[in-house]
Amino acid sequence: AQLVVLELAQQSMASRSNREPMNQVCIANTHLYSNKDYPDVKLWQTLHLLQELDTFIFARGTNLPLMICGDFNSTPDTAVYDLP
């Protein structure tokens with residue numbers, strides 16, 4: 001997976017109604033392994049990715065918005081999409 005934290009160049013443009021100012025966003029991109037004989041691998045990869053992202057964001061000590069995107073090689077009705 002790739003991970004990037006983007007920050008606004010002009011802080012005066014950052015705002016979310018009724019919340020603290022938003023000046024950064026974390027974007028994660030992944031491509032999950034796909035093999036019909038090993039469907040559990042995608043689930044494990046997703047769980048591990050979410051755990052690592054959680055650790056990364058909490059280590060920064062901020063309420064950093066997160067966007068996860070990529071090729072999950074899964075459909076919305078599978079366990080990969082059920083993970084919190």
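Our subject is the structure listed above.
The structure contained in this document is the topic of the report that follows.

Procedures and definitions
Residues numbered from 1 in each chain as written. Predicted model: local features only at pLDDT ≥ 70, side-chain atom pairs only at ≥ 80, totals over all residues. Heavy atoms only, no water. Helix = DSSP H or I, 4+ residues; strand = E, 2+ residues; numbered from the N terminus. Contact = heavy atoms within 4.5 Å. Areas by Shrake-Rupley, 256 points an atom, 1.4 Å probe, with all protein chains shown as cover. Pairing = 2+ DSSP bridges. Axes fitted to C-alpha atoms, helices over the stretch in contact; angles between N-to-C directions. Polar contact = N/O pair within 3.5 Å; in protein donor to acceptor, adjacent residues only side chain to side chain. Expected span 1.5 Å × (residues − 1). Buried < 20%, exposed > 50% of the residue type's maximum accessible area, 1.4 Å probe, protein only. Arc of directions from axis to C-beta.

### A few points about the overall build of the protein
- What the protein contains, in helices and strands, is two helices and three strands.
- Walking the protein from its N terminus toward its C terminus, one meets helices and strands in the order β-β-α-β-α.
- Sequence separation of at least 24 residues holds for 59% of the intrachain contacts in the protein that already meet a minimum separation of 6.
- Accessible area of the protein: about 6300 Å², with a carbon and sulfur share of 55%.

### Some points on the sheet that holds strand E3 (residues 66–71)
- Spatial strand order, E1-E2-E3: three strands in an open sheet with mixed pairing. Edge positions in the sheet fall to strand E1 (2–7) and E3, since each of these pairs with one other strand and no more. Across the sheet, the mean angle separating the axes of adjacent strands is 20° when strand polarity is ignored.
- Direction of pairing for E1 relative to strand E2 (residues 24–31): antiparallel, over a ladder of six bridges. If you follow Gln2 over to E2, its bridge partner there is Asn29.
- Packing of helix H1 (residues 40–60) onto the sheet brings it into contact with E1, E2 and E3, and relative to E3 it is tilted by some 155°.

### Observations regarding the environment of Asp77
- Relative to the helices and strands, Asp77 is located in the loop between E3 and helix H2 (79–82).
- A distance of 2.2 Å separates polar atoms of two side chains, one belonging to Asp77 and the other to Thr75.

### A short note on H1
- Between its first and last C-alpha atoms H1 spans 31 Å; for 21 residues at 1.5 Å apiece the expected length is 30 Å, and the two agree.
- For H1, the complete set of buried residues consists of Lys42, Thr46, Leu49, Leu53 and Ile57. Viewed along the axis of H1, the buried residues span an arc of 65°, placing them on a single side of the element. For H1, exposure combined with an orientation more than 90 degrees from the buried face picks out Asp40, Trp44, Thr55, Phe58 and Ala59.
- Tucked into the core, H1 has its buried residues touching E1, E2, E3 and H2.

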